[in-house]
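Spelled out from the first residue to the last, the chains are:
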Protein chains: 2
Amino acid sequence: MARSDKSALPGGTAMLVLALLKEREMYGYQIIEELEKRSNQVFRLQEGTLYPLLHSLERDKLVTARDQETPSGRRRRYYRITAAGLRALEEKKEEWQVYSRAVTAILAGA
Amino acid sequence: MARSDKSALPGGTAMLVLALLKEREMYGYQIIEELEKRSNQVFRLQEGTLYPLLHSLERDKLVTARDQETPSGRRRRYYRITAAGLRALEEKKEEWQVYSRAVTAILAGA
DNA sequence: ATAATATACCTAGATATTCTAGGTATAGGA
DNA sequence: TCCTATACCTAGAATATCTAGGTATATTAT
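Residues numbered from 1 in each chain as written. Chains lettered and ligands numbered in written order. Predicted model: local features only at pLDDT ≥ 70, side-chain atom pairs only at ≥ 80, totals over all residues. Heavy atoms only, no water.

Engineer: Just to check I follow, could you spell out the sheet that holds strand β2 (residues 63-69) of chain B for this structure?
Structural biologist: Strand pairing in a sheet relies on backbone hydrogen bonds, with the paired strands running either antiparallel or parallel. All names here are of chain B. Sheet architecture is open: three strands sit in the order β1-β3-β2, paired in antiparallel fashion. Each end of this open sheet is capped by a strand with a single partner; those strands are β1 (26-27) and β2. Looking at chain direction, β2 and strand β3 (residues 75-81) are connected through seven bridges and run antiparallel. Residue pairing across strands places Glu69 opposite Arg75, the latter belonging to β3. On top of the sheet, helix α1 (residues 12-23) reaches β1, β2 and β3; it is set at about 90° to β3, its chief contact. (Pairing = 2+ DSSP bridges. Helix = DSSP H or I, 4+ residues; strand = E, 2+ residues; numbered from the N terminus. Contact = heavy atoms within 4.5 Å. Axes fitted to C-alpha atoms, helices over the stretch in contact; angles between N-to-C directions.)

As structure tokens, this is what we get:
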């Protein structure tokens, strides 16, 4: 995830992608743009990050994929979240809450 | 940083360590325990993560180090944050705020 | 007294994640 | 016609963290 200092949120990328897919099925390129838009340009996934990630989510059965052509003939691969994916999302969200609260506590000091 | 799913917050570990050192100088083992305590056991740095990290912070002049023996003869290496370290901490905190707000926005949905 | 555990430092190599830097192909606009 | 945007992909590099060791002394339990 491209940010000023090159760092990212580990495991978090999958969580964000699953969160988008919870709303509706989307194709890869669209996920990148949505994520950028909704974060107000805070992060923009690199294609080299997203596509392999989608493949691993599919392998783990957290999403399913189907190909579809646009009227103009362009190929798109749509991803849809599965029941297991929804469960995984809830878990990751819970972890994120716990984690960010702990970080906040430490930053706030003694 | 040991968590249930093995993931961590990249760059975040340095931020947390610097946040502790802002309060007072500390030695490595102590940092591990303080971090665990203040996060309510949410994370516990592995020694193999912390010691190399402290060395890189020292190399980058964000901290300075000095050795000291306890009355009983045990060696401890104390780390103190530098002015550059304080600046780096403020930057990382700002990034964290921006980042966590963006994540929250995406998790909250459209 | 001795054994086991805790303290305290360290490193090398494996693993996981993301990035860089390419590649392919089509659509649409200048 | 050429350039940019769309849309997919992968290989290899870079980075961060973990695993799994190692050394040594102090403290606690047997």
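Engineer: Sorry if this is basic, but what is going on with the packing of helix α4 (residues 83-108) of chain A against α1 of chain B here?
Structural biologist: Each pair of packed helices gets described by two things: the angle between the helix axes and the distance between those axes. For the pair α4 of chain A and α1 of chain B, interaxial distance at closest approach is 8 Å and the crossing angle is 30°. Accordingly, the angle class assigned to the pair α4 of chain A and α1 of chain B is roughly parallel. Between α4 of chain A and α1 of chain B, the contacting residues are Val103, Ile106 and Leu107 of chain A on the first element and Met15, Leu16, Ala19 and Leu20 of chain B on the second. Partitioning the contact of α4 of chain A with α1 of chain B into residue classes produces seven nonpolar, no polar and no charged. (Parallel < 35°, antiparallel > 145°, perpendicular 65-115°, else oblique. Nonpolar A, V, L, I, M, F, W, Y, C, P; charged D, E, K, R; others polar.)

Engineer: Can you help me understand the packing of aromatic side chains in this one?
Structural biologist: Two aromatic rings are characterised by how far apart their centres lie and by the angle between their planes. In total, this model carries five aromatic pairs over all chains according to the counting rule given. Summarising the aromatic geometry, the rings of Phe43 of chain A and Tyr99 of chain B are spaced 5.3 Å apart at their centres and angled 65° between planes, so their arrangement reads as edge-to-face. Here Tyr99 of chain B lies in helix α4 (residues 83-108) and Phe43 of chain A lies in the loop between α2 (28-38) and α3 (47-59), a pairing that spans two chains. Residue Phe43 of chain A shares its accessibility class with Tyr99 of chain B, and that shared class is buried. (Phe/Tyr/Trp six-rings, centres within 6.5 Å; stacked < 30°, edge-to-face > 60°. Buried < 20%, exposed > 50% of the residue type's maximum accessible area, 1.4 Å probe, protein only.)

Engineer: Can you help me understand unusual backbone geometry in this one?
Structural biologist: Working note: non-glycine residues mostly have negative phi, and peptide bonds are mostly trans. Look at Gln41 of chain A: it is not a glycine, yet its phi comes out positive at around 65°. Counting through the fold element by element, Gln41 of chain A comes out in the loop between α2 and α3. Judged by its relative accessible area of 54%, Gln41 of chain A is exposed. The phi angle at Asn40 of chain B is positive, at roughly 55°, despite the residue not being glycine. By the element assignment, Asn40 of chain B lies in the loop between α2 (28-38) and α3 (47-59).

Engineer: Before we go on, may I ask you to explain the sheet that holds strand β1 (residues 26-27) of chain A in this structure?
Structural biologist: With antiparallel pairing, three strands are arranged side by side in an open sheet as β1-β3-β2 (chain A). Where the open sheet ends on each side, the last strands, each with one partner, are β1 and β2 (63-69) of chain A.

Engineer: Teacher, can you tell me more about the environment of Ser72 of chain A here?
Structural biologist: Residues and elements named next belong to chain A. For Ser72, the position within the fold is in the loop between β2 and β3 (75-81). On a C-alpha basis, the gap between Ser72 and Glu94 in space is 42 Å, while along the polypeptide they are 22 residues apart. A polar side-chain atom of Ser72 sits 3.0 Å from a polar atom in the side chain of Thr70. (Polar contact = N/O pair within 3.5 Å; in protein donor to acceptor, adjacent residues only side chain to side chain.)

Engineer: Is there a simple way to explain the pattern of salt bridges in this structure?
Structural biologist: Any two side chains of opposite charge can pair, on the condition that their charged atoms come close. Residues and elements named next belong to chain A. For the structure on display, the rule yields 24 salt bridges over all chains. Of the charged contacts, one joins Glu90 and Lys22 as a salt bridge, the two residues approaching to 3.8 Å between their closest N and O atoms. You can see Glu90 sitting in helix α4 and its partner Lys22 sitting in helix α1 (residues 12-23), a full 68 residues away along the chain. A residue is classified by how much of its surface remains accessible, and Glu90, at 41% relative accessible area, is partly exposed. Residue classification places Lys22 among the partly exposed residues on the basis of a relative accessible area of 45%. Measuring nitrogen to oxygen at the nearest pair gives 2.7 Å for the salt bridge that ties Arg38 to Glu34. A residue pair is termed a helical-turn pair when its members lie 3 or 4 positions apart in one helix, as Arg38 and Glu34 do in helix α2 at four residues. Under the relative-accessibility criterion, Arg38 is labelled buried at 16%. One continuous salt-bridge network, built from bridges that share partners, spans Glu23, Arg24, Glu34, Lys37 and Arg38. (Salt bridge = Lys/Arg side-chain N within 4 Å of Asp/Glu carboxyl O.)

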